[in-house]
Amino acid sequence: MAYHHQPHFFLLLFVLFSVNAAVLSFQHRPKISAVDLAALSAIKDSLTDIPGSRFFSTWDFTAPDPCSSFTGVTCSFNNRVTILSLGTGLSDSPGLAGSLSPVLSNLTELTQLVLFPGLVTGPIPTQLGQLTSLRVISLTNNRLTGSIPISFSTLPYLHTLDLSSNQLTGSIPTGLTKLPSLKVLILSSNELTGELPRRVSAQLLHLDLKNNKISGPLPRLPLTLRYLSVSMNSMWGPLNGLESLSELVYLDVSMNKFSGAIPTSLFFNPTLSSLFLQRNNLSGGLPSTKMDPTIQSYGEGSIVDLSHNFITGEITPLLAGVETLFLNNNHLIGSVPEEYIKSVYSGTTKTLYLQHNYLSGFPLPQGLALPDTVSLCLSYNCMVPPFGILACPSSAGTQPSRPESQCSVFSHHSPMD
């Protein structure tokens with residue numbers, strides 16, 4: 001009887017052993033997609049820690065749960081990689097070197113790809129355009145070269161694209177400016193060329209293209225913009241396209257070749273607190289009065305820089321109350337309005353640069369000393385500055401006043417500078 005049941009006993013032992021082995025095998029299998037694990041291995045092979053960085057020290061491919069133990073890796077509930085941050089971004093970490101592997105495109109559920117500052121070189125893989133779930137691409141402060149992949153124009157959910165401070169060349173793909181979900185586009189400090197698309201239809205909040213080699217006029221821009229910088233390019237034409245951007249908080253179009261009058265609406269925008277128009281070819285005068293006296297356009301922390309242009313006429317009270325105001329190196333004439341003097345002496349205006357104009361008066365209040373916190377420069381105008389030139393920058397020169405000949409010639413409508 002015992003012999004009759006012996007085969008069943010051995011079968012039961014075999015089944016129990018097999019189940020136990022399967023359980024042990026499952027328990028030791030990494031808690032991450034095999035495809036993603038292979039992709040991470042290839043990514044690690046293409047990058048390396050710069051001496052002093054220890055980012056990859058936690059990337060142990062024998063670990064049971066890479067989703068929890070790998071620095072910079074975040075997974076979904078089904079153990080797919082959704083966020084990949086390469087590098088730590090800490091000030092004491094020099095970052096990574098190497099190149100970006102096209103195998104990144106195998107992380108098909110990736111929503112965020114971040115590369116912190118380092119020395120990563122080579123092109124941006126065009127295959128990233130296959131990752132249709134991407135919402136954030138941030139590859140900043142490295143040495144990436146080549147053009148911006150046109151394939152990025154097909155990413156339907158892309159919210160933020162930051163490729164700043166690299167060595168990217170070529171023009172900005174037109175499709176990028178049409179992406180339906182894009183809110184933040186930062187391409188500053190590269191070597192981008194060409195003109196911008198005639199219209200930016202993406203409902204952007206933040207557009208930063210400064211320090212490139214972009215040419216041509218300003219395009220038609222979305223009314224949603226709150227931050228716009230195209231500083232340090234070779235753009236030209238009028239600024240009329242800025243008139244309807246009523247949500248702007250920060251505007252910088254400095255160091256270009258823009259010309260014509262400054263749109264009046266920029267001076268009456270209640271949200272705009274930082275306005276940089278310096279070093280262009282802008283002309284015309286300042287608006288005389290506020291269209292709506294109840295609107296307070298400027299206040300604490302505000303800065304307006306209109307220097308190094310061809311602005312003419314008398315200074316109007318419009319900008320009194322701006323905390324930091326640069327009107328130097330223009331063709332302004334007449335006496336400085338009392339509103340500015342009051343603002344300076346009350347400490348509301350902390351910096352007022354008026355040097356290198358053709359101003360003829362600065363009415364001083366009796367018995368009041370200039371606050372120590374104020375920087376006021378009046379040198380090289382058609383008057384003797386009441387405070388000398390001690391508060392002036394070195395670029396203002398050492399001459400306190402203009403030669404009489406320049407002032408008399410200018411008064412006959414022949415400006416010289």
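For the structure itself, consult the block above.
Report on the accompanying structure.

Cut-off values and rules
- Residues numbered from 1 in each chain as written.
- Predicted model: local features only at pLDDT ≥ 70, side-chain atom pairs only at ≥ 80, totals over all residues.
- Heavy atoms only, no water.
- Pairing = 2+ DSSP bridges.
- Helix = DSSP H or I, 4+ residues; strand = E, 2+ residues; numbered from the N terminus.
- Expected span 1.5 Å × (residues − 1).
- Buried < 20%, exposed > 50% of the residue type's maximum accessible area, 1.4 Å probe, protein only.
- Contact = heavy atoms within 4.5 Å.
- Polar contact = N/O pair within 3.5 Å; in protein donor to acceptor, adjacent residues only side chain to side chain.
- Phe/Tyr/Trp six-rings, centres within 6.5 Å; stacked < 30°, edge-to-face > 60°.
- Salt bridge = Lys/Arg side-chain N within 4 Å of Asp/Glu carboxyl O.
- Core = buried A, V, L, I, M, F, W, Y, C linked by side-chain atoms within 4.5 Å.
- Disulfide = S-S within 2.5 Å.

### Observations concerning the sheet that holds strand E22 (residues 331-335)
The strands making up a sheet are joined through hydrogen bonds of the backbone, oriented either antiparallel or parallel. Reading across the sheet, the seven strands line up as E12-E14-E16-E18-E20-E22-E24 and stay open at both edges, with parallel pairing between neighbours. Sheet topology places strand E12 (215-216) and strand E24 (358-361) at the edges, where each strand pairs with a single neighbour.

### With respect to the sheet that holds strand E8 (residues 143-144)
Across the sheet, which stays open at both edges, the four strands sit in the order E1-E4-E6-E8 with mixed pairing between neighbours. Every other strand in the sheet has two partners, leaving strand E1 (47-49) and E8 as the edge strands with one partner each. Pairing of strand E4 (residues 96-99) with strand E6 (residues 119-122) involves three bridges; the strand directions are parallel. Paired with serine 99 across the strands is threonine 121, a residue of E6.

### What about helix H2 (residues 34-46)?
For H2, spanning 13 residues, the distance from its first C-alpha to its last is 19 Å, which sits close to the expected 18 Å at 1.5 Å a residue. What H2 keeps buried is the set Asp36, Leu37, Ala39, Leu40, Ile43 and Ser46. Taken together, the buried residues of H2 touch E1, helix H3 (66-69), strand E2 (73-75), strand E3 (81-86) and E4. N-capping of H2 is provided by serine 33, with a side-chain oxygen placed 3.2 Å from the backbone N of valine 35.

### Description of the packing of aromatic side chains
Applying the stated criterion across every chain, the model contains nine aromatic pairs. Between phenylalanine 55 and phenylalanine 56, the aromatic rings sit 5.0 Å apart at their centres with planes inclined by 70°, giving edge-to-face as the arrangement. This pair shows no difference in class: phenylalanine 55 is buried, exactly as phenylalanine 56 is. Note on phenylalanine 326 and tyrosine 353: the rings are 5.2 Å apart at their centroids and 75° apart in plane angle, and the pair reads as edge-to-face. Of this pair, phenylalanine 326 sits in strand E21 (residues 324-326) while tyrosine 353 sits in strand E23 (residues 351-353), and the two are 27 residues apart along the sequence. For phenylalanine 326, a relative accessible area of 17% corresponds to the buried category.

### Description of unusual backbone geometry
For methionine 255, which is not glycine, the phi torsion reads 60° and is therefore positive. Within the fold, methionine 255 resides in the loop between strand E15 (250-252) and strand E16 (257-261). For methionine 255, a relative accessible area of 35% gives the class partly exposed. Phi is positive for asparagine 329, which is not a glycine, with a value near 60°. Tracing the backbone through its elements, the reader meets asparagine 329 in the loop between E21 and E22. You can call asparagine 329 buried: its relative accessible area is 16%.

### Observations regarding the pattern of salt bridges
Taken as a whole and judged by the stated rule, the model has three salt bridges. We note a salt bridge from glutamate 109 to arginine 80, for which the minimum N-O separation is 3.7 Å. Taken together, the residues glutamate 109 in the loop between E4 and strand E5 (112-115) and arginine 80 in the loop between E2 and E3 connect sequence positions 29 residues apart. With a closest N to O distance of 2.7 Å, lysine 210 and aspartate 208 form a salt bridge.

### Details of the environment of serine 360
Tracing the sequence through the fold places serine 360 in strand E24. Along the chain, serine 360 and methionine 383 lie 23 residues apart, while their C-alpha atoms are 5.1 Å from each other. Excluding its chain neighbours within four sequence positions, the residues that come into contact with serine 360 are Gly334, Ser335, Cys382 and Met383.

### Here's the deal with the nonpolar core
Ranked by size, the top nonpolar core spans 98 residues in total, and within it Leu84 and Leu319 carry the most contacts. The contacts of leucine 84, once residues within four sequence positions are left out, are Leu40, Ile43, Trp59, Gly72, Val73, Leu104, Leu107, Leu110, Gln112, Leu113 and Val114. Formed by seven residues, the second largest nonpolar core is a distinct cluster that contains Phe276, Phe326, Tyr353 and Ala396.

### Describing the state of the cysteines
For the structure on display, the rule yields three disulfides. Paired by a disulfide, cysteine 67 and cysteine 75 hold their sulfur atoms 2.1 Å apart. Because the sign of the S-S torsion sets the handedness, a value of about -85° for the bond joining cysteine 67 and cysteine 75 places this disulfide among the left-handed ones. In this structure cysteine 75 comes out as buried when scored by relative accessible area, which is 19%. A disulfide bridge connects cysteine 377 with cysteine 392, and the sulfur atoms are separated by 1.9 Å. Between cysteine 377 and cysteine 392 the sulfur-sulfur dihedral comes to about 105°; the bridge is accordingly right-handed. In this pair, cysteine 377 is assigned in strand E25 (residues 375-377) and cysteine 392 in the loop between E25 and helix H5 (404-410), connecting sequence segments 15 residues apart. A single burial state applies to cysteine 377 and to cysteine 392, both of which are buried. Numbered by order of appearance in the sequence, the disulfide-linked cysteines of the protein pair as 1-2, 3-5, 4-6.

### Examining the environment of lysine 183
Take lysine 183: it is sitting in the loop between strand E9 (160-162) and strand E10 (184-186). In this structure lysine 183 comes out as partly exposed when scored by relative accessible area, which is 26%. Measuring from C-alpha to C-alpha, the distance between lysine 183 and threonine 224 comes to 9.2 Å, with 41 residues separating the pair along the chain. Setting aside residues up to four positions removed in sequence, lysine 183 forms contacts with His159, Gln203, Leu204, Leu205 and His206.

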